[in-house]
Every structure is written in structure tokens, then in C-alpha cells.
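Structural features, examined
So the chains spell out like this:
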Amino acid sequence: MGTIHKTTVTFLSMDEDPDNRVPMPARRLALMRSVEPPVHYYRYLYDAVGRDHIWVDRKRKSDADLLSIIHDDLVEIYVLYVEGSPAGFAELNFRERGVCELAYMGLMPEFVGGGLGEYLLAQAIEIAWQHSITKLKVQTCTLDHPRALGLYQRMGFMPYAQTEAEVEELD
């Protein structure tokens, strides 16, 4: 049994496009949709971004179960590259009619700072609102980056619920 971490989960949403315009950081960047990524590549991204924040949900899924999510036509995964290397990703889930969930978003530790997180979030929001949705939602917790909740709120998300949870770290 792994270590148990107590956390506060905050649920946030927005009901209209906030029209955020975040300038591209002064680096060579590319944001590319990864269409039907290989499961090993998705697991690499998920682990590299989420390892320090105890992301475990997707690690517990079998390859077949994970592929059924990440290869779903209503799930879009965008990878941010900096100078040709993957720096982070955003996963948009459109499986609920009229709603987009920003299921996962984050940067690899070596790319945190310098505005890349704000830029990636702004791009994810803009992409989400290009679809026929009436709500964009996200959740974050106190295990995520300490500035995550504030960033979501600055970018237009409003908290609507909070709960306490426990996350069991994998050995």
C-alpha cells in the first residue's frame, strides 16, 4: 500500500469564452494535437507532468482501457513542444454533450516558469471554445502546482464546489 495524501479538490467552470489573449513566450514553441498517441507516449507525458503532483488515475488503467479514452474521437490531446522537446500537455474531453472538461493540463518540471503554463492554458481554453460547448470545466487540488488554482481563476474559471479527498500514491 502506498502513501495516502489528503487533498482539497476544487471544481471550476466557465460559461463563456473569456477571450484571453496570452502572448507566446519568447521561445521556439509548437502546440500540436497528438491524434491517437501510442499508449507509451501518453504514459510518458502523464508521468512526466504529474509525477510530482501524485497523478495516479491513469497509471491504474490497463493499456486497453487507457487507449479507449485517449483514442476516443471526443478526446483531444495537445502537446506543447519547446525547442523540439515535449514540455507539457493538455487533454480536452468533449464526451459530455455541450461541455468540455480540461481533464489534464500541466508542464514537465523543467519547463515550469516563464509563462508556459499560462500560455498552454490559454491555448487549451481557446481550442475548447472553438467547439460547440456552453461550459468548460476543470478541477484542481492542493497536490497540484501551488499556483494552479489562482491561474485557473485569473483565466476566467469560477469555483463552484470543493471536497476533501485522499489519493493513494503508487509504489
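Note that the structure is a prediction, hence the values are computed from the model and not measured.

Notes on the packing of helix H1 (residues 39-50) against helix H2 (residues 63-70)
Here H1 crosses H2 at 85 degrees, and the two axes come no closer than 10 Å. Judged by the angle between their axes, H1 and H2 are roughly perpendicular. Along its contact with H1, which presents Val 39, Tyr 42 and Arg 43, the element H2 presents Asp 63, Leu 66, Leu 67 and Ile 70. Here the residues of the contact of H1 with H2 are counted per class, giving five nonpolar, no polar and two charged.

Description of the sheet that holds strand E1 (residues 4-14)
As summarised here, the arrangement of the seven strands in space is E2-E3-E4-E5-E6-E1-E7, forming an open sheet in which the pairing is mixed. Each end of this open sheet is capped by a strand with a single partner; those strands are strand E2 (29-33) and strand E7 (158-168). Strand-to-strand, the axes of this sheet are offset by a mean angle of 25 degrees, without reference to chain direction. Sheet topology places E1 next to strand E6 (residues 135-141); six bridges connect them, and they run antiparallel.

Quick notes on the packing of aromatic side chains
According to the stated counting rule, one finds nine aromatic pairs in the structure shown. Seen from their ring centres, Tyr 46 and Tyr 104 are 5.2 Å apart, and the 75 degrees between their planes marks the pair as edge-to-face. Placement of Tyr 46 in helix H1 and of Tyr 104 in strand E5 (residues 99-107) is noted, with a sequence separation of 58 residues between them. There is no split in this pair, since Tyr 46 and Tyr 104 are both buried. Each member of the aromatic cluster is reached from another via a ring pair, and the members are Tyr 42, Tyr 46, Trp 55, Phe 89 and Tyr 104.

Some remarks on the side chain of Thr 140
You can see Thr 140 is positioned in strand E6. According to the relative accessible area criterion, Thr 140 is buried, its value standing at 5%. In terms of polar contacts, Thr 140 uses its side chain to reach the side chain of Asp 144, at 2.8 Å. The residues contacting Thr 140, other than those within four sequence positions of it, are Thr 8, Val 9, Thr 10, Leu 12, Ala 148, Leu 149 and Tyr 152.

Side note on H2
Every buried residue of H2 is listed here: Leu 66, Ile 69 and Ile 70. Taken down its axis, H2 places every buried residue within 85 degrees of arc, on the same side. Considering only its buried residues, H2 is in contact with H1, strand E3 (75-82) and strand E4 (85-93).

A few points about the side chain of Thr 7
Within the secondary structure layout, Thr 7 lies in strand E1. A polar contact is formed between the side chain of Thr 7 and the side chain of Thr 142, at a distance of 2.8 Å. Discounting residues that sit within four places of it in the chain, Thr 7 has contacts with Cys 141, Thr 142, Leu 143, Thr 163, Glu 164, Ala 165 and Val 167.

Details of the pairing of E4
Among the nine residues that make up E4, eight are buried, leaving the element largely enclosed by the rest of the structure. Alignment of E3 against E4, held across eight bridges, turns out to be antiparallel. In the sheet register, Leu 80 faces E4, and the bridge partner there is Gly 88. Where E3 folds back on E4, the antiparallel hairpin that results is connected by two residues, among which Glu 83 adopts a positive phi of roughly 55 degrees. Bridging between E4 and E5 involves six bridges; their strand directions are antiparallel. The partner of Gly 88 across the bridge, within E5, is Leu 107.

Conventions and cut-offs
Residues numbered from 1 in each chain as written. Predicted model: local features only at pLDDT ≥ 70, side-chain atom pairs only at ≥ 80, totals over all residues. Heavy atoms only, no water. Axes fitted to C-alpha atoms, helices over the stretch in contact; angles between N-to-C directions. Helix = DSSP H or I, 4+ residues; strand = E, 2+ residues; numbered from the N terminus. Parallel < 35°, antiparallel > 145°, perpendicular 65-115°, else oblique. Contact = heavy atoms within 4.5 Å. Nonpolar A, V, L, I, M, F, W, Y, C, P; charged D, E, K, R; others polar. Pairing = 2+ DSSP bridges. Phe/Tyr/Trp six-rings, centres within 6.5 Å; stacked < 30°, edge-to-face > 60°. Buried < 20%, exposed > 50% of the residue type's maximum accessible area, 1.4 Å probe, protein only. Polar contact = N/O pair within 3.5 Å; in protein donor to acceptor, adjacent residues only side chain to side chain. Arc of directions from axis to C-beta.

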